[in-house]
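Each chain is listed here by its residues.
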Amino acid sequence: DAELAARILLDQGQEHSIETPHGVVHVTLHGTGATRRPAILTVHDVGQESKSCFSTLFKFEEMQEIVKNFTLIHVDTPGQEEGAAAYPASCSYQYPSMETIAEMIPAVLQFFNVRTVIGVGVGAGAYILSKFTLANPDSVEGLVLVNIDIQARGWIDWAAQKLSSVTSSLTEQILTHL
């Protein structure tokens, strides 16, 4: 059945730790990579990893034709992959910026010998892919960007702000925002 096939595909991809000029990035590859078609490159949102962000999408029966005919490359941002170690407790550690993560993607494409991609990004992943595209326009054939505005508040944030304005002082609201 299509759902089982998609789950197996997402759960049993080839996992790689790829060294980039800015550090190691975890990537899961589905398919051979040896195709004339562009690969589909996914980048997830903050607080997720590729399975939690994209498995629902690739479970749909309608996606099975795409899954069979395209190479999928799922990039997990540093430290966000399943089973990742905790960040160093030292104050000197600094998580890479979204621009730096975007600069890691060319090394991923080179590792798999992929010339062009169709990017699929959600939230921070959408922003990262847009930065990558601006710096590497010849490597991108298309983008699907969901919730790219990193400054926008979702409806949960809006509701929380409305509720907190009723139950807290202005000082508490400002501290919560900061």
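- Where an unreviewed UniProt entry is consulted, the protein appears under the name NDRG family member 2, with the organism given as Tetraodon nigroviridis.
- Here is the UniProt Sequence similarities (unreviewed entry) comment for the protein, exactly as written: "Belongs to the NDRG family."

**Considerations on the overall build of the protein**
For step 1, the next point in the chain: Helix and strand counts for the protein come out as seven helices and six strands.
For step 2, the next point in the chain: The secondary structure elements of the protein, listed N-terminal to C-terminal, are α-β-β-β-α-α-β-α-β-α-β-α-α.
For step 3, the next point in the chain: Here the analysis covers contacts within the protein between residues at least 6 apart in sequence; of these, 67% occur between residues at least 24 apart.
For step 4, the next point in the chain: Element-wise, carbon and sulfur atoms account for 56% of the exposed surface of the protein, whose accessible area totals about 10,800 Å².

**Description of the packing of helix H4 (residues 98-111) against helix H5 (residues 124-135)**
For step 1, the next point in the chain: Relative to each other, H4 and H5 sit at 65 degrees, their axes nearing to 8 Å. Between H4 and H5, the angle falls in the class roughly perpendicular. The two elements H4 and H5 meet at a crossing, and its hand is right-handed. In contact with Met98, Glu99, Ile101, Ala102, Ile105, Pro106 and Leu109 of H4, H5 contributes Ala124, Tyr127, Ile128, Leu129, Lys131 and Phe132.
For step 2, the next point in the chain: Here the contact of H4 with H5 is built from residues that sort into 11 nonpolar, no polar and two charged.

**Description of the side chain of threonine 77**
For step 1, the next point in the chain: Secondary-structure assignment places threonine 77 in the loop between strand E4 (72-76) and H4.
For step 2, the next point in the chain: Discounting chain neighbours no more than four positions away, the residues touching threonine 77 are Val43, His44, Tyr95, Ile101 and Ile128.

**Remarks on the layout of surface pockets**
For step 1, the next point in the chain: The volume enclosed by the second largest pocket comes to roughly 180 Å³.
For step 2, the next point in the chain: Residue lining of the second largest pocket: Ile40, Phe54, Leu57, Phe58, Met63, Ile66, Ile118, Val120, Val122, Val144 and Val146, and that is the complete set.
For step 3, the next point in the chain: Looking at the lining of the second largest pocket, the elements that each hand over two or more residues are helix H2 (50-59), strand E5 (117-122) and strand E6 (140-146).
For step 4, the next point in the chain: For the lining of the second largest pocket, the class distribution of residues is 11 nonpolar, no polar and no charged.

**Focus on the nonpolar core**
For step 1, the next point in the chain: One finds Val27, Ile73, Phe112 and Val117 to be the most contacted residues of the largest nonpolar core, which totals 22 residues.
For step 2, the next point in the chain: Of all the secondary structure elements, the ones that give two or more residues to this core are strand E2 (23-30), strand E3 (39-43), E4, H4 and H5.
For step 3, the next point in the chain: Residue contributions to this core peak at six residues, all from H4.
For step 4, the next point in the chain: Apart from the residues within four sequence positions on either side, valine 117 is in contact with Pro38, Ala39, Leu41, Leu109, Phe132, Ser139, Val140, Glu141 and Gly142.
For step 5, the next point in the chain: Formed by eight residues, the second largest nonpolar core is a distinct cluster that contains Ile40, Phe58, Leu72 and Val120.

**Points about the pairing of E5**
For step 1, the next point in the chain: In terms of strand pairing, E3 meets E5 through five bridges, oriented parallel. Counterpart to alanine 39 in the pairing with E5 is valine 117.
For step 2, the next point in the chain: Where E5 lies against E6, six bridges are found, and the strand directions are parallel. Bridge pairing in E6 places glycine 119 opposite leucine 143.

**Here's the deal with the packing of aromatic side chains**
For step 1, the next point in the chain: Scanning all chains against the criterion turns up one aromatic pair.
For step 2, the next point in the chain: Look at phenylalanine 111 and phenylalanine 112: their rings are 5.0 Å apart centre to centre, the planes differ by 90 degrees, and that puts the pair in the edge-to-face class.
For step 3, the next point in the chain: Classification of phenylalanine 112 by relative accessible area gives buried; the value is 13%.
For step 4, the next point in the chain: In this arrangement the basic side chain of arginine 37 is found over the ring face of phenylalanine 70, its NZ or CZ atom lying 5.6 Å from the centre.

Rules and cut-offs
- Residues numbered from 1 in each chain as written.
- Predicted model: local features only at pLDDT ≥ 70, side-chain atom pairs only at ≥ 80, totals over all residues.
- Heavy atoms only, no water.
- UniProt positions renumbered as here; feature names shortened; annotations may be inferred.
- Helix = DSSP H or I, 4+ residues; strand = E, 2+ residues; numbered from the N terminus.
- Contact = heavy atoms within 4.5 Å.
- Areas by Shrake-Rupley, 256 points an atom, 1.4 Å probe, with all protein chains shown as cover.
- Axes fitted to C-alpha atoms, helices over the stretch in contact; angles between N-to-C directions.
- Parallel < 35°, antiparallel > 145°, perpendicular 65-115°, else oblique.
- Left-handed = near helix turned anticlockwise from the far one by under 90°.
- Nonpolar A, V, L, I, M, F, W, Y, C, P; charged D, E, K, R; others polar.
- 1 Å grid on protein atoms, 1.4 Å probe; cavity = no way out; pocket = protein on both sides within 12 Å on 5 of 7 lines; lining within 4 Å.
- Points joined across faces, edges and corners; volume = space filled by probe spheres on them.
- Core = buried A, V, L, I, M, F, W, Y, C linked by side-chain atoms within 4.5 Å.
- Buried < 20%, exposed > 50% of the residue type's maximum accessible area, 1.4 Å probe, protein only.
- Pairing = 2+ DSSP bridges.
- Phe/Tyr/Trp six-rings, centres within 6.5 Å; stacked < 30°, edge-to-face > 60°.
- Lys NZ or Arg CZ within 6 Å of the ring centre and 35° of its normal.

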